[in-house]
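Results of the structural survey
So you can see what is in the structure, the chains are spelled out below.
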Amino acid sequence: MGRIPQDVIDRVLALHDIVELVGRSVPLKKAGRAWKALCPFHDEKTPSFTVDPVRQTFKCFGCGKGGNAFGWLMERDGLRFHEAVRTLAAEKGVVVPDVVGGRGDAPDVSKVTAIREAVALAQDLYVRTLWGPEGAHARAYLEKRGFPPPASKALGLGLSPEGWDGLIVAAKAKGVRAEVLEDAGLAVRRERGDGHYDRFRARLMFPIADVSGRIVTYGARALREGDQPKYLNGPETPVFTKGRTLYALDRAKDGIRKVGYSILMEGYTDVLMAHLHGFTAAVAGMGTALTPEQARMLARFAPKVVLLYDGDAAGRAAAEKNLDLVLEQGLEVRVALLPEGRDVDEVLLEEGVEALAAILDRALDVFDFKAGQLAATLDLGTERGRAQAAERMADVIVRVKSPIERDLLFPRVAERLRVRETLLRAEAGRLLAARAAAGLRRLVDGEPGGAPRGVSGGGPGAPAAVPVDPHARSRRDDLRRAQERFVSCALHLPDRAGEVREVLSADELEDEALRVVYGAVLGLLDQGLSPAPDAVHRVVSGDPEASAALASLPDDFPFDDWLTDAVRQRRTVRAQEDRRRAVLQWLAGPGPSAQDGPPGGAPGAS
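On a predicted model such as this, the values are computed, not experimentally measured, just so you know. (Residues numbered from 1 in each chain as written. Predicted model: local features only at pLDDT ≥ 70, side-chain atom pairs only at ≥ 80, totals over all residues. Heavy atoms only, no water.)

1. Side note on the overall build of the chain
Counting its regular elements, the chain contains 25 helices and 15 strands. Looking at the chain as a whole, 45% of its 606 residues qualify as buried. Look at the contacts in the chain between residues 6 or more apart in sequence, and 62% of them connect residues 24 or more apart. With the model as given, the accessible surface of the chain reaches about 29700 Å², and the carbon-plus-sulfur share is 52%. (Helix = DSSP H or I, 4+ residues; strand = E, 2+ residues; numbered from the N terminus. Buried < 20%, exposed > 50% of the residue type's maximum accessible area, 1.4 Å probe, protein only. Contact = heavy atoms within 4.5 Å. Areas by Shrake-Rupley, 256 points an atom, 1.4 Å probe, with all protein chains shown as cover.)

2. Comments concerning the pairing of strand β14 (residues 304–309)
Successive residues of a regular strand alternate their side chains across the two faces of the sheet. Burial runs high along β14: five of the six residues are buried. Regarding topology, helix α13 (residues 313–328) serves as the crossover connection from β14 to the parallel strand β15 (residues 332–337), and that connection is right-handed. (Right-handed = clockwise from strand over helix to strand, strands pointing away.)

3. Overview of the packing of aromatic side chains
Counted by the stated rule, this structure contains ten aromatic pairs. Judged by centre distance (5.5 Å) and plane angle (75°), the rings of Trp164 and Tyr197 are edge-to-face. Here the residue Trp164 occupies a position in the loop between β6 (158–159) and α8 (166–173), and Tyr197 occupies one in strand β8 (residues 196–198), the gap between them amounting to 33 residues. Aromatic rings pair up to connect Phe41, Phe49, Phe58 and Trp72 into one cluster. (Phe/Tyr/Trp six-rings, centres within 6.5 Å; stacked < 30°, edge-to-face > 60°.)

4. Brief notes about the sheet that holds strand β4 (residues 57–60)
Taken together, the five strands give an open sheet; going across it, the order is β1-β2-β3-β4-β5, and neighbouring strands pair in antiparallel fashion. Edge strands, defined here as strands with exactly one partner in the open sheet, are β1 (29–31) and β5 (66–67). Pairing geometry for strand β3 (residues 49–52) and β4, over four bridges, is antiparallel. From the neighbouring strand, Thr50 faces β4, where its bridge partner is Lys59. (Pairing = 2+ DSSP bridges.)

5. Considerations on helix α4 (residues 81–91)
All buried positions along α4 are accounted for by Phe81, His82, Ala84, Val85, Thr87, Leu88 and Ala89. One or two steps after α4, the chain reaches Gly93, where phi turns positive at roughly 70°.

6. Considerations on unusual backbone geometry
Cis geometry is found at the peptide bond from Gln228 to Pro229, where omega equals -5°. Located in the positive-phi region is Gln56, a residue other than glycine, with phi close to 60°. Turning to its location among the elements, Gln56 is positioned in the loop between β3 and β4. Backbone geometry places Ala202, a non-glycine residue, at a positive phi of 55°. Note on placement: Ala202 falls in the loop between β8 and β9 (203–209).

7. Here we look at the sheet that holds strand β10 (residues 215–222)
Reading across from one edge, β6-β9-β10-β11 is the order of the four strands in this open sheet, with antiparallel pairing throughout. At either end of the open sheet lies a strand with only one pairing partner, and these are β6 and β11 (231–233). In terms of strand pairing, β6 meets β9 through two bridges, oriented antiparallel. Across the sheet, the residue bridging to Leu159 is Leu204, located in β9.

8. Brief notes about the packing of α13 against helix α16 (residues 366–377)
Where α13 contacts α16, the axes come no closer than 11 Å and their chain directions differ by 140°. With respect to α16, the element α13 is oriented oblique. Crossing angle aside, the handedness with which α13 passes α16 is left-handed. Along its contact with α13, which presents Arg316, Ala319, Glu320, Leu323, Asp324 and Leu327, the element α16 presents Val366, Phe369, Lys370 and Gln373. (Axes fitted to C-alpha atoms, helices over the stretch in contact; angles between N-to-C directions. Parallel < 35°, antiparallel > 145°, perpendicular 65-115°, else oblique. Left-handed = near helix turned anticlockwise from the far one by under 90°.)

9. Let's talk about the confidence of the model for the chain
Averaged over every residue, the pLDDT of the chain is 83; residues scoring 70 or more account for 84%. Within the chain, β6 carries the highest mean pLDDT (97), whereas helix α19 (residues 421–445) carries the lowest (72). Low confidence marks residues 446–471, where pLDDT is under 50. Its contacts with residues over four positions away, or in another chain, come to 19 contacts. Here residues 591–606 scores under 50 on pLDDT; set against residues more than four positions off or in separate chains, the count is 13 contacts. (pLDDT = per-residue confidence, 0-100.)

Laid out in structure tokens, this is it:
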């Protein structure tokens, strides 16, 4: 993401009144020149949250959170700085231009505005249809499933009209073209190209919102016998990306903050039923595998997540797959399994709140869940079975981000599997080194599906696009996270900043804001000054994006242990890569004669 021009940032900020912005979700009361309320970010009985209309800032004197309009969205919705700027810019119709270093995929503002208006029109129609004469059967179904009318209204549930063009006709009467409905994922172009038809017909409509609460698409359940598929989601659009959306996160974010963890479920009705019964930290994926971006969204609100899945084989497999991904994002994860053949709504409606609370209380940690899975699939009574289990557990351990947590897992796994801890640590070290080497090789060779670092794509005569590697984004995220940790170590361990400088150069950082922060660190070092966080902040304070990048850097992990391991791995990887390049150079020639042999004594050609 490239840097947003400062004049655009200033203009967006000037167009918004922070009292109005905060007042949308927090009941403010006038107190002198300012406004006060109970803080939305922590529990308190006496208001310590203040909004200052003169300074256009908010501040809680209890938990310390504060900032301007952008900071408010970043704290409330877990957005990054550029996301907050673009969100507020869209509200006022301000175009945020693509700049050098940007992704080049920012949607057209007018198109986004038209799509949002189309979705709002659809929501109005769907709600009116549900509560009109045509919706009697859908209302009966909802009540049978445990959603009384007040709950259905509060949740914004709706019903799509029966015919092929109910929404298209209603939209046309409001001056909205079918092409706009198509852009919004609400209409489908006929195969012959002559006209459109409604994507959703006679289905129960579950609105899906972004983290700010704006409806972006729908999940639709069939009500008529024989309609397939049973559940139908809207397609991706300029305002909706499956991998960057979590169902009900807009409703759950405050609940997640309050209890300190999120509950990841599988179905929309399960999530809504959980919310109605007080489990307000519940969210769900979008019917596909969890993505790193979704896991990071959860991490913005709490460091822990409970995976609540069915207890059958499919549910356990889904839990195991998502557990690995969540671990890699640095979250503490536990797994709670429902009784086989039971859904969340069945447990709540038939057994009550206490039954679901007990299931969550019995959630297993990483070790216990994985050990149970291995015991069910491998014969741990044999040496081969234990060896296979040890290899798989080593792969699990290296996914755990916390060095302390990893260290505590080694003896538990070794004792359970009756293998030597030293061998288990050696296997984990091998896996870590292999991952690091692969990551560096991708940097040297260029990411699959994209141009190598420093090379821009597109333009006349550019080569055809390479198919995107589905894992490329995850790898880039891992790389970005490691780079952020290196910079954090330089900030919080000034006496070891030289080690960071040795293994991380500024030109390795693809994110410009992070590169500005690291540049400030290196500049202070060159002047013989300590690159402590307050000193770096003074250097970058004039750059909003760099300031935001500095504020978002991790500050709550064991720096010393992590840096020691990371520096050792980087040195090892660099030595391996130096040798690899030397061998390739020798093979390519010109260079030493054949009898001299390749560098390091590699076997020569016969």
